[in-house]
Amino acid sequence: MSVSTVLLDLDDTICAHPGSPEARLADAFGRAGVEPFFDVADVRPWLARVTAETELELRERCFGGIADELGRDRADALAVARAYEDPDPEAVGFLPGAEAALGALGANYDLALVTNGGRETQTAKLAALGIADRFEATTFAEPGRPVKPDPDPFDRTLATMGVSASEAVHVGNSLRSDVAGAQAAGVEAVWLSTADEPVAVTSEHTINSMGELRTPPWT
Ligand SMILES: [Mg+2]
């Protein structure tokens, strides 16, 4: 069956914040008056292990867990968690080629968003980018529901769109969340190649820039 529907990730696929997470973490250490004792790469494995109701609680659990593991003062980690400033969702910008790719894809395919971000933050980003109306379905992280790489958000999106997995492709920057998640739902994956953590997953298609989607790699 041919592809009628393109699912897309949002963060670091369509848009990104101008500042890096590394710079925000360095600022947080500075504001908290704590000598840096971990970096962004140390946080990533914790994000997959802990759950929380708020971004602050998530940071407290991740940073606190790192401090415990390293035998550091937990109070320092919590101070850094509180000093960390969430980026303003309205400050996002398009990744190179992403805006043109959305326009070109939208002319030929139905588009849907599958993001692990919360509804409020992600809706603000879509509004800031002016692309909220490009998607016929938007699937956000919902309390109590699994997120990518679980197939559930893909299954829900396909159901909303009324298409089977073989009629869709998913485009995203994370091998772990996007490529493995899409494949778990039976959906072909297009990986936007980035300096991602190595995961034993192979995407059906790989692109180096969103601009390449103006000529889709799938058939
Ligand atoms: Mg992403």
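Overview of the structure. (Residues numbered from 1 in each chain as written. Predicted model: local features only at pLDDT ≥ 70, side-chain atom pairs only at ≥ 80, totals over all residues. Heavy atoms only, no water.)

Bringing the pattern of salt bridges into the picture now. A full pass over the atoms with the stated rule returns eleven salt bridges. Glu 69 is paired through a salt bridge with Arg 49; the nearest N and O atoms lie 3.7 Å apart. Here Glu 69 is found in helix H3 (residues 55-70), whereas its partner Arg 49 is found in the loop between helix H2 (40-47) and H3, with 20 residues between them in sequence. Accessibility classification places Glu 69 together with Arg 49 in one group, the exposed group. (Salt bridge = Lys/Arg side-chain N within 4 Å of Asp/Glu carboxyl O. Helix = DSSP H or I, 4+ residues; strand = E, 2+ residues; numbered from the N terminus. Buried < 20%, exposed > 50% of the residue type's maximum accessible area, 1.4 Å probe, protein only.)

Here we come to helix H4 (residues 74-83). Turning to H4, its buried residues are Ala 77, Val 80, Ala 81 and Ala 83. Where the residues of H4 are buried, they touch helix H1 (21-32) and H3. (Contact = heavy atoms within 4.5 Å.)

Here the focus is the packing of aromatic side chains. Under the counting rule described, the total for this entry stands at five aromatic pairs. Considering the side-chain rings of Phe 29 and Phe 37, the 5.8 Å spacing of their centres and the 75° angle between planes classify their relative orientation as edge-to-face. Accessibility assignment for this pair places Phe 29 and Phe 37 in one class, buried. Ring plane angle 80° and centroid distance 5.1 Å describe the contact between Phe 37 and Phe 38, whose orientation is recorded as edge-to-face. Take Phe 37 and Phe 38: they sit in the same class, and that class is buried. Chaining the aromatic ring pairs together yields one cluster made of Phe 29, Phe 37, Phe 38 and Phe 63. (Phe/Tyr/Trp six-rings, centres within 6.5 Å; stacked < 30°, edge-to-face > 60°.)

Of the protein atoms, only Asp 9 (OD), Asp 11 (O) and Asn 173 (OD1) coordinate the magnesium ion, at distances of 2.1 to 2.2 Å. All donors to the magnesium ion come from one chain, and their sequence spacing reads D-x1-D-x161-N. Owing to a relative accessible area of 5%, Asp 9 belongs among the buried residues under this scheme. (Donors = N, O, S within 2.8 Å, 3.2 Å for Na, K, Ca; no water.)

Before going further, it helps to examine the packing of H1 against H4. Where H1 contacts H4, the axes come no closer than 8 Å and their chain directions differ by 115°. The handedness of the crossing between H1 and H4 comes out as right-handed. Residue-level inspection shows Leu 25, Ala 28, Phe 29, Arg 31 and Ala 32 of H1 in contact with H4, the latter providing Ala 79, Val 80 and Ala 83. Its residues placed into classes, the contact of H1 with H4 shows seven nonpolar, no polar and one charged. (Axes fitted to C-alpha atoms, helices over the stretch in contact; angles between N-to-C directions. Left-handed = near helix turned anticlockwise from the far one by under 90°. Nonpolar A, V, L, I, M, F, W, Y, C, P; charged D, E, K, R; others polar.)

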